[in-house]
Amino acid sequence: MRIATFNINNINKRLPNLLAWLDDTRPDIVALQELKAKDADFPVEAVEAAGYKAVWQGQKSWNGVALLARGSEPVVTRRSLPGDDDDDQARYIEAAIAGIVVASIYAPNGNPQPGPKFDYKLAWMKRLIAHAAELKAAGVPVVLAGDFNVAPTEIDIYPTRSWDDDALVQPAPRRSFRRLVDQGWTDVVRQVFPDQRIYSFWTYWRGRFSRDHGLLLDHILLSPDLGEGLAGAGVDRDVRGKEGASDHAPVWALIER
């Protein structure tokens, strides 16, 4: 089973890129983030024509998350992260797919920091940690996949001081991500490539992609039973180099069940 996460950065604008990648790689389950589309504007017909059933939680102009499944139909279990009834940002969707609970996650960016957006980021991650603990305690196979908006360690960002004040690399979000993983989740990229500089995001500025000045912000975490079957992981880096591409590339995991 091939599971992938992809921050598409506007699903309708990048739809040709998405469909080409789906056709090339044929993942079984895909978590998408940053749809930047209202629910009614999700391109369901094109996605279904590509062989996928989908569930999504949209939001006009920003945010938005979705789950795609090939060969099965996702059954939604949650459309928002619990813990704050006033939070109306479309950043989390969870569904049962082929006997697995899968979450598509788009964590807050948190910039500028310090400030309210950074406080929201930390509070949101605290809620994610709490919910992830409940999912893990349930003893069912779980995948947490998405754009966590954290470069967890120094090898997850190219050597530079220019990002030192950015929310993505601050100690507090890094500690939050570590607390999450330390619940017992398998971080697929770091399981397969523990010491390599591997990136999933490159800004559009200053030739960052061609110079490989990237960050690893997109992560797939597996519950222990799925982690035992991890057979491979990686980043489809070439997708970022296509015309009209998202500033993110898909991250994938291969699981034997």
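Relevant structure appears above.
Cut-offs applied
Residues numbered from 1 in each chain as written. Predicted model: local features only at pLDDT ≥ 70, side-chain atom pairs only at ≥ 80, totals over all residues. Heavy atoms only, no water. Helix = DSSP H or I, 4+ residues; strand = E, 2+ residues; numbered from the N terminus. Rg over C-alpha atoms; globule rule 2.2 N^0.38 Å. Buried < 20%, exposed > 50% of the residue type's maximum accessible area, 1.4 Å probe, protein only. Contact = heavy atoms within 4.5 Å. Pairing = 2+ DSSP bridges. Salt bridge = Lys/Arg side-chain N within 4 Å of Asp/Glu carboxyl O. Axes fitted to C-alpha atoms, helices over the stretch in contact; angles between N-to-C directions. Parallel < 35°, antiparallel > 145°, perpendicular 65-115°, else oblique. Nonpolar A, V, L, I, M, F, W, Y, C, P; charged D, E, K, R; others polar. Polar contact = N/O pair within 3.5 Å; in protein donor to acceptor, adjacent residues only side chain to side chain. Right-handed = clockwise from strand over helix to strand, strands pointing away. Core = buried A, V, L, I, M, F, W, Y, C linked by side-chain atoms within 4.5 Å.

A closer look at the overall build of the protein chain
Across its full length, the protein chain holds six helices and 12 strands. By the compact-globule yardstick of 18 Å for 257 residues, the protein chain fits well, its C-alpha radius of gyration being 17 Å. For the protein chain, the C-alpha atoms occupy an extent of roughly 45 × 45 × 40 Å along the three principal directions. Counting over 257 residues, the protein chain shows a buried share of 56%. Put simply, of all contacts in the protein chain between residues at least 6 apart along the chain, 70% involve residues at least 24 apart.

Points about the sheet that holds strand E10 (residues 218-222)
Across the sheet, six strands lie side by side as E5-E6-E7-E8-E10-E9; this open sheet has mixed pairing. Two strands lie at the open edges of the sheet, namely strand E5 (75-78) and strand E9 (186-187), each paired on one side alone. In the sheet, E5 pairs with strand E6 (residues 92-97) via three bridges, with the strands oriented antiparallel. Looking at the pairing, valine 76 lines up with alanine 95 of E6.

With respect to the pattern of salt bridges
Following the criterion strictly, the structure yields nine salt bridges and no others. The salt bridge partner of aspartate 28 is arginine 70, with a shortest N-O separation of 3.1 Å. Linking aspartate 28 in the loop between helix H1 (15-25) and strand E2 (29-33) with arginine 70 in strand E4 (residues 65-70), this pair joins segments that are 42 residues apart in sequence. A residue is classified by how much of its surface remains accessible, and aspartate 28, at 21% relative accessible area, is partly exposed. By relative accessible area, arginine 70 is classed as partly exposed at 29%.

Regarding the packing of helix H3 (residues 116-137) against helix H4 (residues 171-181)
For the pair H3 and H4, the least separation of the axes is 10 Å and the interaxial angle reads 5 degrees. One way to sum up the angle between H3 and H4 is to call them roughly parallel. For the pair formed by H3 and H4, the contact residues are Phe118, Lys121, Leu122, Met125, Leu128, Ile129 and Ala132 on the first element and Ala172, Pro173, Ser176, Phe177, Arg179 and Leu180 on the second. For the contact of H3 with H4, a count of residues per class yields 10 nonpolar, one polar and two charged.

Here's the deal with the environment of glutamine 33
With respect to the secondary-structure elements, glutamine 33 resides in strand E2. Judged by relative accessible area, which is 0%, glutamine 33 ranks as buried. Each C-alpha atom of the pair glutamine 33 and isoleucine 11 lies 8.7 Å from the other, and the pair is 22 residues apart in sequence. Only 3.0 Å separates the side chain of glutamine 33 from the side chain of threonine 5, close enough to count as a polar contact.

Section: the pairing of strand E7 (residues 100-106)
Counting buried positions along E7 yields seven of seven residues, so the element is predominantly enclosed. Covered by surrounding structure in E7 are Ile100, Val102, Ser104 and Tyr106 together with Val101, Ala103 and Ile105, the residues of both alternating faces. Pairing analysis gives six bridges linking E6 to E7, with the strands arranged antiparallel. Bridging from a neighbouring strand, isoleucine 97 pairs with isoleucine 100 of E7. The loop that links E6 with its antiparallel partner E7 comprises two residues; one of these, alanine 98, has a positive phi angle of about 50 degrees. Sheet analysis places E7 next to strand E8 (residues 142-147), joined by six bridges and oriented parallel. When the bridges of E8 are listed, valine 102 appears paired with valine 143. Handedness of the β-α-β unit built from E7, H3 and E8 comes out right-handed.

Here's the deal with the nonpolar core
Soluble globular proteins tend to bury their nonpolar side chains together. Within the largest apolar cluster, 27 residues are counted, with the highest numbers of intra-cluster contacts made by Leu67, Ile97, Val102, Val143, Val188, Ile220 and Leu222. The residues touching isoleucine 220, leaving out its near neighbours within four places in the chain, are Ile3, Ala4, Thr5, Val143, Leu144, Ala145, Thr186, Asp187, Val188, Val251, Trp252 and Ala253.

Purely spatial values, then, with no claim about function.
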